[in-house]
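Residues per chain are reported as follows:
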Amino acid sequence: MKQMDAQLRQYLAAGTVTVSRLLVNNYRKIGLSETELVLFLQLQEQFQFGQQEVDIDKIAQNMEIPSEKVFTLLYGMVEKKLLTIAPVEDAEGKKHDQYDFSQLYTELFKVLTAAERPELTTVKDDRRLSKVDVFNRFEVEFGRDFSPMEIQTIDGWLTEDHYQPDLILAALKEAVINSALSLRYIDQILMNWEKKNIKTAKAAADYLKKRHQAQSFVQPASPQSSAEKLPPIPLIHWSDDQGDKNAK
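Here's what I pulled together on the structure shown here. Throughout, residues of each chain are indexed from 1 in the direction in which the sequence is written. Two thresholds apply to this predicted model, a pLDDT of at least 70 for residue-level local features and 80 or more for giving and counting side-chain atom pairs, whereas whole-chain, interface and lining totals are computed over all residues. Side-chain calculation: all heavy atoms of the structure are included, whereas hydrogens and water are not.

## Some details on unusual backbone geometry
Negative phi values dominate among residues other than glycine, just as trans dominates among peptide bonds. Rules: Secondary structure elements follow DSSP: runs of H or I no shorter than four residues count as helices, runs of E no shorter than two count as strands, and numbering proceeds from the N terminus. Burial classes follow relative accessibility: with a 1.4 Å probe on protein chains only, a residue under 20% of its type's maximum area counts as buried, one over 50% as exposed, and anything between as partly exposed.
The phi angle at E64 is positive, at roughly 60°, despite the residue not being glycine. Inspection of the secondary structure puts E64 in the loop between helix 4 (56–63) and helix 5 (67–79). We classify E64 as exposed; its relative accessible area is 72%.

## A look at the pairing of strand 2 (residues 95–100)
Selection rule: We treat two strands as partners when DSSP finds at least two bridges between them.
As paired strands, strand 1 (residues 84–89) and strand 2 are joined by 6 bridges and run antiparallel to one another. Paired with V88 across the strands is H96, a residue of strand 2. Following strand 1, the chain reverses through 5 residues before pairing antiparallel with strand 2; G93 in that reversal takes a positive phi of roughly 85°.

## Remarks on helix 8 (residues 148–159)
Put simply, the rule is: Here a helix's expected span is defined as the number of its residues, less one, multiplied by 1.5 Å.
A rise of 1.5 Å per residue sets the reference length of helix 8, with its 12 residues, at 16 Å; its end C-alpha atoms lie 16 Å apart and thus fit the reference within 8%. Among the residues of helix 8, those classed as buried are P148, E150, I151, I154, D155, G156, W157 and L158.

## Some thoughts on the nonpolar core
What counts here: Each nonpolar core is a collection of buried residues, namely Ala, Val, Leu, Ile, Met, Phe, Trp, Tyr and Cys, held together in the definition by side-chain atoms within 4.5 Å.
By size, the foremost hydrophobic cluster in this structure holds 28 residues, and its most contacted members are F138, I154, W157, I168, I186, L190 and W193. Of all elements in the fold, only helix 7 (123–142), helix 8, helix 9 (165–177), helix 10 (183–195) and helix 11 (201–216) reach the threshold of two or more residues within this core. When residues in this core are grouped by element, the largest group, 7 residues, is from helix 9. One finds L43, A60, V70 and L73 within the second-largest nonpolar core, a separate group that totals 24 residues.

## Structural notes on the packing of aromatic side chains
Selection criterion: Geometry of aromatic contacts follows a simple scheme: Phe, Tyr and Trp rings, the Trp one being its six-membered ring, pair when their centres are within 6.5 Å, and the pair is stacked under 30 degrees between planes, edge-to-face over 60, tilted otherwise.
Applying the stated criterion across every chain yields a total of 4 aromatic pairs. Centroid distance F40 to F101: 4.9 Å. Interplanar angle 85°. Geometry classified as edge-to-face. Of the two residues, F40 sits in helix 3 (residues 34–48) while F101 sits in the loop between strand 2 and helix 6 (102–116), which places them 61 residues apart along the sequence. Like F101, F40 is buried. An angle of 15° between the planes, with centres 6.1 Å apart, marks the rings of F138 and F142 as stacked. Of the two residues, F138 and F142 both sit in helix 7, 4 residues apart, roughly one turn of that helix. The rings of F138, F142 and W157 are connected pair by pair, giving a single aromatic cluster.

## Here we look at the packing of helix 9 against helix 10
Axes are the key here: two packed helices are described by the angle between their axes and the distance separating the axes. To keep it simple, the criterion reads: Each axis is a line fitted through C-alpha atoms, taken for helices only over the stretch in contact, and angles between the N-to-C directions span 0 to 180 degrees. For classification purposes, an angle smaller than 35 degrees is called roughly parallel, one larger than 145 roughly antiparallel, one from 65 to 115 roughly perpendicular, and anything else oblique. The sense of a crossing depends on the near helix, which, turned anticlockwise from the far helix by less than a right angle, makes the crossing left-handed and, turned clockwise, makes it right-handed. Should any heavy atoms of two residues lie within 4.5 Å, those residues are counted as being in contact. In the scheme used here, Gly and all other residues not listed as nonpolar or charged are polar, with Ala, Val, Leu, Ile, Met, Phe, Trp, Tyr, Cys and Pro taken as nonpolar and Asp, Glu, Lys and Arg as charged.
Where helix 9 meets helix 10, the closest approach of the two axes is 9 Å, and the angle between their N-to-C directions is 125°. In terms of their interaxial angle, helix 9 and helix 10 are classed as oblique. The two elements helix 9 and helix 10 cross, and the hand of that crossing is right-handed. Contact residues: helix 9 offers L167, I168, A170, A171, L172, E174 and A175, while helix 10 offers Y185, I186, I189, L190 and W193. Among the residues forming the contact of helix 9 with helix 10, the class breakdown is 11 nonpolar, no polar and 1 charged.

## Details of a nonpolar patch on the surface
What counts, and what does not: The residues that make up patches have over 30% relative accessible area and no salt bridge, and they are joined within 9 Å when like-charged or within 5 Å when they are Val, Leu, Ile, Met, Phe, Trp or Tyr. Computed with the Shrake-Rupley method and a 1.4 Å probe, the accessible areas treat only the protein chains shown as cover for residues. Basic side-chain nitrogens of Lys or Arg form a salt bridge, by our definition, when they fall within 4 Å of a carboxyl oxygen of Asp or Glu.
Residues V19, V24 and L41 make up a contiguous nonpolar surface patch of about 190 Å² in total accessible area. Looking at the secondary structure, you find L41 in helix 3.

## Let's talk about the environment of R137
Residue placement: R137 occurs in helix 7. For R137, a relative accessible area of 41% corresponds to the partly exposed category. A sequence separation of 35 residues divides R137 from L172, and the C-alpha atoms of the two residues are 8.9 Å apart. Apart from the residues lying within four places of it in its own chain, the contact partners of R137 are L169 and L172.

## Remarks on the side chain of E139
Mapping E139 onto the fold places it in helix 7. Those residues in contact with E139, other than ones at most four positions away along the chain, are R28, S33, K80, R144, D145 and F146.

## Some details on helix 10
Here helix 10 contains 13 residues, and its C-alpha end-to-end distance of 18 Å stays within 8% of the 18 Å for a straight helix at 1.5 Å per residue. Residues of helix 10 that are buried: L183, Y185, I186, Q188, I189, L190, N192 and W193. Looking one or two residues past helix 10, N197 carries a phi angle of roughly 60°, positive in sign.

Below, the structure written as structure tokens:
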């Protein structure tokens, strides 16, 4: 009994970390992975107990991951526009990084507003949610968290190349079907579609349907040559299109 009382006192003395249920229930909708959510909790634990300067090594030890992985996760949250990190100077003139999750809470409030009043959801909000869906779908298909460079690549498709989210997911699906799961391969698919003026997932589906029909078409043999075995028709890969263009 005494041992249990001592453990209870130790538990209470350790304190608790407060986190909104809104975040727990909707973290995936704003683009956070499970690992990033745990990192957020680790940061909140330090902030809520008055620690101004983040102890990356302690977080890495608690999460049992390398410190470099912590930095990678932080950069990913910055790229997803859920976190800003800025250098500040305290009253004693000592500089340290300030972690601001205002953007994360803004995204949470947008999710809450959209759930309560879906008729007010704008086209821009739909594109934002679709962008989150893109990140989530890629991490699910790849089975891991993405590196900052990979996140930047996907973000570039959306913000610089202006590919529609559903078109990017269609390219991802095609890569999965062809067992060629890499961002480079998906980028090649998207560039190929762009050259063919394919800008929507429906247009891509129509193109792929026609292409697959053309590949599977075999002209019937004449009666005289029915015994002859026709050579197999080779499948055309995305790299073949690129090679043909280079040859020209």
